[in-house]
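Descriptive structure summary
Listed here are the chains, written in short residue letters.
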Amino acid sequence: MDLETGTYKNLVKRESWRTVLTLAYQSLGIVYGDLSTSPLYVFKSTFAEDIDHSETNEEIYGVLSFVFWTITLVPLIKYVFIVLKADDNGEGGTFALYSLLCRHARVSSLPNNQLADEELSSYKKEISIDPDPTKFGSRLKSTLEKHRVLQRILLILALVGACMVIGDGILTPAISVFSAVSGVEQLAMPKEHHKYIEVPIACVILIGLFALQHYGTHRVGFLFAPVVILWLFTISAIGLYNIFQWNPHVYQALSPYYMYNFLNKTQKRGWMSLGGILLCITGSEAMFADLGHSSQLSIKIAFTTFVYPSLILAYMGQAAYLSRHHMRADDYDVGFYVSVPDRIKFPVVVIAILAAVVGSQAIITGTFSIINQCSSLGCFPRVKVVHTSTSIHGQIYIPEINWILMILCLAVTIGFRDTRRLGNASGLAVITVMLVTTCLMSVVMVLCWHQSIFRAICFVFFFGTIEALYFAASLIKFLEGAWVPIALALFFMIVMYIWHFGTLKKYEFDLQNKVSVDWLLSLGPNLGIVRVRGVGLIHTELVSGIPAIFSHFVTNLPAFHQVLVFLCVKSVPVPHVEHEERFLLGHVGPREYRVYRCIVRYGYRDVHKDDMEFEKDLFCSIAEFIRTQKSNTNGTDEPSANDNEKMMVVRTPSTSTEGIHMWEDNLDNTEMIATLEEKDVHPPEVKRTRKRVRFIVPESPKIDRGAEEELEDLMEARESGVAYILGHSYVKAKQGSSLMKKLAINYGYEFLRRNSRASTHALSVPHASTLEVGMGYHV
């Protein structure tokens, strides 16, 4: 599998049933770990405080009915049969929906979009046959493109969903591990000692879980699916046993009548308890968010044939047991482990802890993924991303985020110390993400699927009403734990907004102060300065024009390299960019200036190479561009500024065997080696070379003399070495700016910029060859 493109997932979707079933098996460990552990805490959280378990069993039957219909309507109907279809080239999640909208309407927050980006093979659009411009979808697209307020609302919706996923990554490990550990208490210790053992064991497991993240899930991934399968088989078998042993007629409680009866009897207390029932669908969003690791069909098969029946049997079994055991009043009477037979309680506790760890692992990896996506789209400070697997796409590790998550997870575990408040917090985070998905899906249905507005309204009204009911029930518990995800989301939203605002303003400043190509043409072939040997690699965020740091550098040091490359590494609103479409090359000025622009495009889920292979691909792509570009009619015409901005997609040796290949070694030897079958372009001999470089050019098609000289200059410059010129900016708010803007730019953005990774994340930049050009910005 190509780590860069992640094409494996696209190839398997139309494979045999064996492949589909294999993916379905793998999805049990990757996708359903969180959802499958929900029986550990649903009944306990629901009956924790608001309602009591009476002898009439109306409360138990009502909760079971709510659980059954909630699992049926939300994960099964909404996600499996509707939302999974809204994939973005095989990827899912909040940002996949936002990416679809960005491609069907110009609502993207990325300021460096180009028309060439729409020619990417992954930039496909689902269009209707002969679309009518008078339809509501066309009017909605026009409205979104005209009003920046609506564009900001869409972005904020996507960011709110991302922030709540991060909050879920903190709360889910806490409640899953804490609930699983609670079974240890009931084995062989008095109740008064529970508080002394429960929290320490949970904290030790959580510390170990986060400490092992840097190894990557691929090292223990083969255990994930068997653990979840064993857990689901265990809870469904216990459920069947309890049903036949205690109450074979419990299936009658699946009737919607018991929901009405439950709310009618419990009134306000029953409505407030819905926050606990909501936890039965925690992890449902993972079916869509983790779609890139599997396929639609495999996820549907795994859920409908195994996960869904197992969960329903588990909840029915708990209700059957509790319907015959309601003598005591302490809250452990409605916990999961009370319904487990004593003879198998210990192995069930062990399996539950393993399943909780697997579920927590999945949500932590998902948190890393969502933060990486936010960073790629310019909505989160740049962080170090470590790819822990060369064969499994998307397995990443972010050290800074991992330790922040661990500290916050331990803080909520120690601070709350019970599943009730942890459940209130987790429930609000879960339902908020689902509401965001529902809102974005309604726009996707109209704008991308070209469905009628009536269907979109029905979708929002039906599922939005269900989720709004649960959201209100969770929000009412604000002081009892629900404030935690709100506080976390608010913190991350502030960070994201400040970073996005500062980045956008900085780019706008660069765009307004860029130097035109005409200024470059006026300098003449020598650019008015001394040209020294070597390659000057200038990193810039601009996709056109000359960055201000270039003129600033030339003003202070009138000497530059014989070959200049303006390098822009940017993200595009697609999940993956095929490697053969990654490099976009063009000349800046006439050919004899030896100045190039290279735009390197990555998708929001792509792996950014951080090794010398990137540099090799870069120079091979420039050489291939020189070989394949169209020459002027007479070879001497001065092109205009518009001509110089024409770009072309160039393949690299990583993806094409027909183009130019580069050979190099580190020996100081001026002797050239001839090739027998291929044409060899030699640079002039030099007595002192740090690296010997040779481009191997195919015999066909023939290249003209001008291109050959250009290749010789590029090889000579590459042999002399590469200097990396980076802009080092100091951003300040303009005089007269508002207090909020000054705080955001002068303190917030500057703090984040100083403590984030450099923007040259795709380069392996040696410090000895780095030159920083300092500039001040007033935005």
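Bear in mind the structure is a predicted one, so any value in this text is a computation, not a measurement. (Residues numbered from 1 in each chain as written. Predicted model: local features only at pLDDT ≥ 70, side-chain atom pairs only at ≥ 80, totals over all residues. Heavy atoms only, no water.)

**Considering the overall build of the chain**
A count of helical and extended segments in the chain gives 25 helices and twelve strands. Across the 779 residues of the chain, 59% fall into the buried class. The contacts in the chain between residues at least 6 apart in sequence include a share of 83% that link residues at least 24 apart. When the accessible surface of the chain is split by element, carbon and sulfur atoms take 60% of a total near 32,700 Å². (Helix = DSSP H or I, 4+ residues; strand = E, 2+ residues; numbered from the N terminus. Buried < 20%, exposed > 50% of the residue type's maximum accessible area, 1.4 Å probe, protein only. Contact = heavy atoms within 4.5 Å. Areas by Shrake-Rupley, 256 points an atom, 1.4 Å probe, with all protein chains shown as cover.)

**Some words on the packing of aromatic side chains**
This structure, assessed with the given rule, holds 18 aromatic pairs. Pairing F43 with Y315 gives two aromatic rings, centres 6.2 Å apart and planes at 45°, and the pair type is tilted. Within this pair, whereas F43 is found in helix α4 (residues 42-46), its partner Y315 is found in helix α14 (residues 296-322), the two being separated by 272 residues in sequence. Overall, the relative accessible area of 0% leaves Y315 in the buried class. Ring centres 5.9 Å apart and planes at 15° place the aromatic pair Y497 and F501 in the stacked group. In this pair, Y497 and F501 are both assigned in helix α19 (residues 483-512), four residues apart and thus about one turn of the helix distant. (Phe/Tyr/Trp six-rings, centres within 6.5 Å; stacked < 30°, edge-to-face > 60°.)

**Considering the packing of helix α5 (residues 58-81) against helix α18 (residues 453-475)**
In the contact formed by α5 and α18, the axes pass within 12 Å of each other and the chain directions differ by 135°. Between α5 and α18, the angle falls in the class oblique. Helix-helix and strand crossings are classified by hand; for α5 and α18 the assignment is left-handed. Counting all contacts with α5, which are made through F66, T70, L73, V74, I77 and K78, the residues of α18 involved are F459, F462, F463, I466, E467 and Y470. (Axes fitted to C-alpha atoms, helices over the stretch in contact; angles between N-to-C directions. Parallel < 35°, antiparallel > 145°, perpendicular 65-115°, else oblique. Left-handed = near helix turned anticlockwise from the far one by under 90°.)

**Quick notes on the nonpolar core**
The biggest cluster of nonpolar side chains holds 164 residues, and the ones touching the most others in it are Y32, I71, W231, F303, Y315 and Y337. In terms of residue count, helix α8 (residues 148-188) provides more of this core than any other element does, 17 residues in total. Ranked by size, the runner-up nonpolar core spans 28 residues in total, among them V535, V565, L585 and V650. (Core = buried A, V, L, I, M, F, W, Y, C linked by side-chain atoms within 4.5 Å.)

**So, helix α15 (residues 345-376)**
Its 32 residues place the ends of α15 46 Å apart at the C-alpha level, agreeing with the 46 Å of an ideal helix rising 1.5 Å per residue. Judged by how many residues are buried, α15 sits mostly within the fold: 27 of 32 residues are covered. (Expected span 1.5 Å × (residues − 1).)

**Digging into the pairing of strand β6 (residues 595-603)**
Counting buried positions along β6 yields nine of nine residues, so the element is predominantly enclosed. Across the two faces of β6 the burial is the same, with V595, R597, I599, R601 and G603 and Y596, C598, V600 and Y602 all buried. Relative to β6, strand β4 (residues 559-572) runs parallel, the two being bridged by nine bridges. Paired with V569 across the two strands is V600, which belongs to β6. Two strands pair when backbone bridges link them, and strand β5 (residues 583-587) and β6 are joined in this way by five bridges, in the antiparallel orientation. When the sheet's bridge partners are listed, G586 is paired in β6 with R597. (Pairing = 2+ DSSP bridges.)

**So, a nonpolar patch on the surface**
Residues F136, I453, F454, I457 and F461 make up a contiguous nonpolar surface patch of roughly 540 Å² in combined accessible area. Tracing the backbone through its elements, the reader meets I457 in helix α18. (Patch = residues over 30% accessible without salt bridge, like charges linked within 9 Å, V, L, I, M, F, W, Y side chains within 5 Å. Salt bridge = Lys/Arg side-chain N within 4 Å of Asp/Glu carboxyl O.)

**Description of unusual backbone geometry**
Although it is not a glycine, H450 adopts a positive phi angle of roughly 60°. Structurally, H450 can be placed in the loop between α17 (419-447) and α18. With phi around 60°, R594 is a residue other than glycine that occupies positive phi space. Here R594 shows up in the loop between β5 and β6. Residue classification places R594 among the buried residues on the basis of a relative accessible area of 11%.

**Some thoughts on the environment of T22**
On the secondary structure map, T22 appears in helix α2 (residues 17-30). On the basis of relative accessibility, which here comes to 38%, the residue T22 falls in the partly exposed class. The spatial distance from the C-alpha of T22 to the C-alpha of S298 is 8.1 Å, given a sequence separation of 276 residues.

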